[in-house]
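Chain by chain, the residues:
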Amino acid sequence: MSENTDLIIVGGGISGASLLYTVAKFTDIDDVTLIEKEREIAAINSHRTNNSQTLHFGDIETNYTLEKAEEVKEGAELLAGYLEGTDPDREMHSKRSKMVLGVGDEEVAKLEERYRENGFGDLFPKLREIGRDEIAALEPKVVEGRDPGTELKALQTPDGYVVDYGAVAKSFVDAAREEEGVGVHLGTAVENVDEGRDGFTVETDDGDFEADAVVVAAGSHSLQFAKEMGYGEHMSLLPVAGSFFLADDLLNGKVYTLQMKKLPFAAVHGDADVHDDGVTRFGPTAKLVPALERGELSTVSDFADVFGFSPASVLSYVNILSDRILFPYVVRNLVYDLPKVGKRAFLPNVQKVVPTVDVDDIERAKGYGGVRPQIVDTENKELDMGEAKITGDGILFNITPSPGASTALKNAMTDVQTVLDFFDGDHEFDEAAFREATIENFPRVDDEGPDAEAGEGDGRVPAEADD
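Everything numeric in this text was worked out from a predicted model, so none of it was measured.

Participant: Pulling in residues and values, what's your account of the nonpolar core?
Facilitator: Counting 63 residues, the largest nonpolar core has L20, L55, V168 and F172 as its most contacted members. In this structure V168 touches I14, L79, Y82, L83, M92 and V163, once residues within four positions along its chain are discounted. In terms of nonpolar packing, the next biggest core, distinct from the first, is built from 37 residues, V10, Y231, L292 and Y317 among them.

Participant: Describe the environment of N50, with residues and values.
Facilitator: Structurally, the position occupied by N50 is in the loop between β2 (32-35) and α2 (66-86). Residue classification places N50 among the buried residues on the basis of a relative accessible area of 16%. The spatial distance from the C-alpha of N50 to the C-alpha of R372 is 9.9 Å, given a sequence separation of 322 residues. Excluding its chain neighbours within four sequence positions, the residues that come into contact with N50 are A43, I44, N45, G367, Y368, G369 and G370.

Participant: Let's hear about the pairing of strand β3 (residues 93-103): which residues, and what values?
Facilitator: Most of β3 is tucked away, with eleven of its eleven residues classed as buried. Alignment of β3 against strand β12 (residues 254-257), held across four bridges, turns out to be parallel. Opposite M99, over in β12, you have V255 as the bridge partner.

Participant: Provide a residue-level description of the domain arrangement of the protein, including the pertinent values.
Facilitator: For the protein, the assigned domains read domain 1 (1-53 + 164-233 + 387-445) and domain 2 (235-378). The gap between the C-alpha centroids of domain 1 and domain 2 is 27 Å. Approximately 2,200 Å² of surface area, both sides summed, lies buried where domain 1 meets domain 2, with 53% of it carried by carbon and sulfur atoms. Put simply, domain 1 and domain 2 have one salt bridge between them. E293 is paired through a salt bridge with K37; the nearest N and O atoms lie 2.5 Å apart. Counting across the domain 1 and domain 2 interface gives 15 residue pairs in polar contact (both at pLDDT 80 or more). Mapped onto the side of domain 1 that touches domain 2, the elements with two or more residues apiece are α8 (220-228) and β19 (388-391). If one sorts the elements of the side of domain 1 that touches domain 2 by residue count, α8 sits on top with five residues.

Participant: Can you tell me about unusual backbone geometry, naming the residues and giving the values?
Facilitator: Excluding glycine, residues mostly have negative phi values, and the peptide bonds linking residues are mostly trans. Going from G283 to P284, the amide bond is cis rather than trans, its omega being 0 degrees. Within the secondary structure, P284 sits in the loop between β14 (280-283) and β15 (287-288). Notably, K381 is not glycine yet its phi reads approximately 55 degrees, a positive angle. Inspection of the secondary structure puts K381 in the loop between β17 (371-377) and β18 (382-384).

Participant: Explain the sheet that holds β17 residue by residue, including any values.
Facilitator: If you walk across this open sheet you meet the four strands as β15-β10-β17-β18, and the pairing is antiparallel. Edge positions in the sheet fall to β15 and β18, since each has one partner strand and no second. Pairing between strand β10 (residues 235-241) and β15: two bridges, direction antiparallel. Each residue of the ladder has a partner; that of V240, found in β15, is L288.

Participant: Describe in detail helix α13 (residues 408-422), supporting the description with residues and values.
Facilitator: Under the 1.5 Å per step criterion, the end-to-end length of α13 is 21 Å for 15 residues, consistent within 8% with the ideal 21 Å. For α13, a buried count of twelve out of 15 residues is recorded, marking the element as mostly surrounded by other parts of the structure. A408, L409, K410, N411, A412, M413, D415, V416, T418, V419, L420 and F422 are the residues of α13 that are buried.

Participant: How would you explain the pattern of salt bridges if you had to name every residue and give the values?
Facilitator: Per the counting criterion, the structure on display carries 29 salt bridges. A salt bridge links E74 to K410; the shortest N-O distance between them is 3.5 Å. Note that E74 is positioned in helix α2 and K410 in helix α13, a separation of 336 residues in sequence. Linking E134 and R128 is a salt bridge whose minimum nitrogen-to-oxygen distance equals 2.9 Å. Note on E134: relative accessible area 37%, which makes it partly exposed. The class of R128 is buried, set by a relative accessible area of 17%. Residues joined by salt bridges that share partners form a network here, namely E84, R90, K95, K126 and D159.

Calculation rules
As a convention, each chain's residues are numbered from 1 in the sequence order in which they are written. Totals for whole chains, interfaces and linings use all residues, but because this is a predicted model, local features are given only for residues with pLDDT of at least 70 and pairs of side-chain atoms are given and counted only at 80 or more. Hydrogens are left out, water is left out, and the side-chain values use all remaining heavy atoms of the structure. Take the buried Ala, Val, Leu, Ile, Met, Phe, Trp, Tyr and Cys residues and link them wherever side-chain atoms come within 4.5 Å; each set so joined is a nonpolar core. Residue burial is assigned from relative accessible area. The probe radius is 1.4 Å, only protein chains are included, and a residue is buried under 20% of its type maximum, exposed over 50%, and partly exposed in between. Whether two residues are in contact is decided by their heavy atoms: any pair within 4.5 Å suffices. To qualify as a helix, a DSSP run of H or I must reach at least 4 residues; to qualify as a strand, a run of E must reach at least 2; elements of each kind are numbered from the N terminus. DSSP bridges decide pairing: two strands pair if at least two such bridges lie between them. Where each domain starts and ends comes from a domain assignment, either automatic or drawn from a database. Take the accessible area each of two parts loses on contact, using a 1.4 Å probe, and add the two losses: that sum is the buried area. A pairing counts as a salt bridge when a side-chain nitrogen of Lys or Arg comes within 4 Å of a carboxyl oxygen of Asp or Glu. What qualifies as a polar contact is a pair of N or O atoms within 3.5 Å, subject to a donor-acceptor requirement within protein and to the restriction that residues adjacent in sequence count only when both atoms come from side chains. Here the expected span of a helix is defined as 1.5 Å times the quantity of residues minus one.

Structure representation (structure tokens):
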């Protein structure tokens, strides 16, 4: 079998699905095909159990600079607008209070500086400073049992979107399938991508596909495909496996703790589950693993392909992991995986959010967690904190570290422009219609009542969520 199409997208996670949606609904490209090796869309890192279900705006992520937050903010608003417009019954998401918690004089001072002097209060008009009493009203368990003499402050916003990214990815694919010329092939593994004189041949275990252009949006595997084709030689990956601990219903919304700016990984936070109000999830942990997928031994050799075992790769890893901040962090996270000992070691992270929690109140979330690909720049021998896109002649490799799910639609909008360049201007992107279907639905301060802006109500769902 050989199938001809204009554009092939490899990968059916949130990134590939959002690009399929954007191309199919808002460009005049005639034929687009998505190929996914799993038998369902979003079965790996985009699945709801394999990520923290957070829509990152940059407002409470304290390892973000203001510039980084500005970039992430638009991407989050695009996706939030899509959810507001297509998911009024909250089947793919819920909306709750969200805050970053400062405990003690030093952390409180950092939050005040961030909000008042560093520009975050201006960038995020719904973000506000709240003290102990308001924290207790929204999240009683955060204050209960805490030393009354300990300084406490939070930056809080009602825009706490809890998202089932797997369900969102499926909705993107379903919407794309409404258009003519869209093909979706599940359970089809790509074995090779070959560049020819007149385009590309994508070889799969179910036959070959011919296309004028290709986008590889396969997470960690994107770099593997790129290297096989001679691209991305200056890159490697640091695969980070995230895990979680579960507890009973302790929080109404999301509660973050302060993050270290030098670490690309999220600090531990507590989250109410998107589909189960009776569960609170704490995490993520961040363990380095020599594999591109969690629990898949076959991807160990895939990691070897990406790593390359060159002197530059080895020296890069040594330089990164010998860092005086990162190395102790890595060791601590290894301990969290140990039976019995791990729970006790992780407990202080939970108690910083909910002081009254005991070791018997938390359990490791078995079967939860995915792998986040962190880019390693082997030329400068350091972590690259941004997203990576490798562009060739008619082919794009999209590697999306966190917060790739939050910015999926913004990435898709950027990738569409690259794809259009591949076709030498023969096709167009209706950006106005794209924005009308997405970011134009995002509720602004002027659109909401005073209760919604303040985040008042029962703490679980802001007032406007019931409209």
